Amino acid sequence: MDKKIDLKHLNVKAFARDGMRAQGVQSLAHFDRLSELAWSGGGADNPAPQVSWSLTGEMVPVTGGDAEIWLHLSAEVSLPMQCQRCMGPVLVEVFSDQSFRFVADEATAEAQDDESDEDLLVLSPELDVWELIEDELIMSAPIVPKHEVCPATVTMSVADAAFEEALEAKPNPFAALAQLKQKPQ
Ligand SMILES: [Zn+2]
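The structure displayed is predicted, hence computed values, not measured ones.

Peer 1: What's the story with the pairing of strand 2 (residues 50-60) in this structure? I'm lost.
Peer 2: Side-chain direction in a regular strand flips from residue to residue, so the side chains alternate between the two faces of the sheet. Bridge count for strand 1 (residues 21-27) against strand 2 is seven bridges, and the pairing is antiparallel. Residue glycine 24 lies in a different strand from strand 2, and its bridge partner there is tryptophan 53. One ladder, built from 10 bridges, connects strand 2 with strand 3 (residues 68-82); its direction is antiparallel. Bridging across to strand 3, glycine 57 finds its partner in leucine 71.

Peer 1: Looking at this structure, how should I read the sheet that holds strand 3?
Peer 2: On the basis of which strands lie adjacent, the open sheet formed by five strands has the order 1-2-3-4-5 and mixed pairing. At either margin of the open sheet sits one strand with a lone partner, and together these are strand 1 and strand 5 (119-122). Put simply, the sheet's adjacent strands are angled 25° from each other on average, direction ignored. Direction of pairing for strand 3 relative to strand 4 (residues 89-103): antiparallel, over a ladder of 14 bridges. The partner of proline 80 across the bridge, within strand 4, is leucine 91.

Calculation notes
- Residues numbered from 1 in each chain as written.
- Predicted model: local features only at pLDDT ≥ 70, side-chain atom pairs only at ≥ 80, totals over all residues.
- Pairing = 2+ DSSP bridges.
- Helix = DSSP H or I, 4+ residues; strand = E, 2+ residues; numbered from the N terminus.
- Axes fitted to C-alpha atoms, helices over the stretch in contact; angles between N-to-C directions.

Next up, the structure:
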């Protein structure tokens, strides 16, 4: 299990046959296209987003036929994006969990695509897993990123409530003193 795995040129068949598993963390900068979706308007809240991923290979036996080759991929990243409502930065949790079944050729993939929940990929001698991770995360990212509640509104109402609460809880000591003095003997 300690074989060196080259994710850019993964031998999918061997990976699945050996039931191998790999996981890791990679900086967002490694993914050019995904980086383009990220907020670049400044703000150092999240200086270096990290993509965490895990990959599992599996052979699924088929009665009376060749075993199927499967990969299960999950990946996630906290992606800083631009909120399309307030135009401020919003941190979006992008998550993908997808299974892939590998088939012999494009025709088989097209023929079986409608009846399959999993994604079908054509088996090639090597697979670029980095590209797959990037594709999946891009597809999972929101097209119109938005805060659930934009922070400008939130900050304002929280500040107001806290201010009023403070007023109620702590009467002005001088006012209290004045009240005391006015009390009839
Ligand atoms: Zn917003």
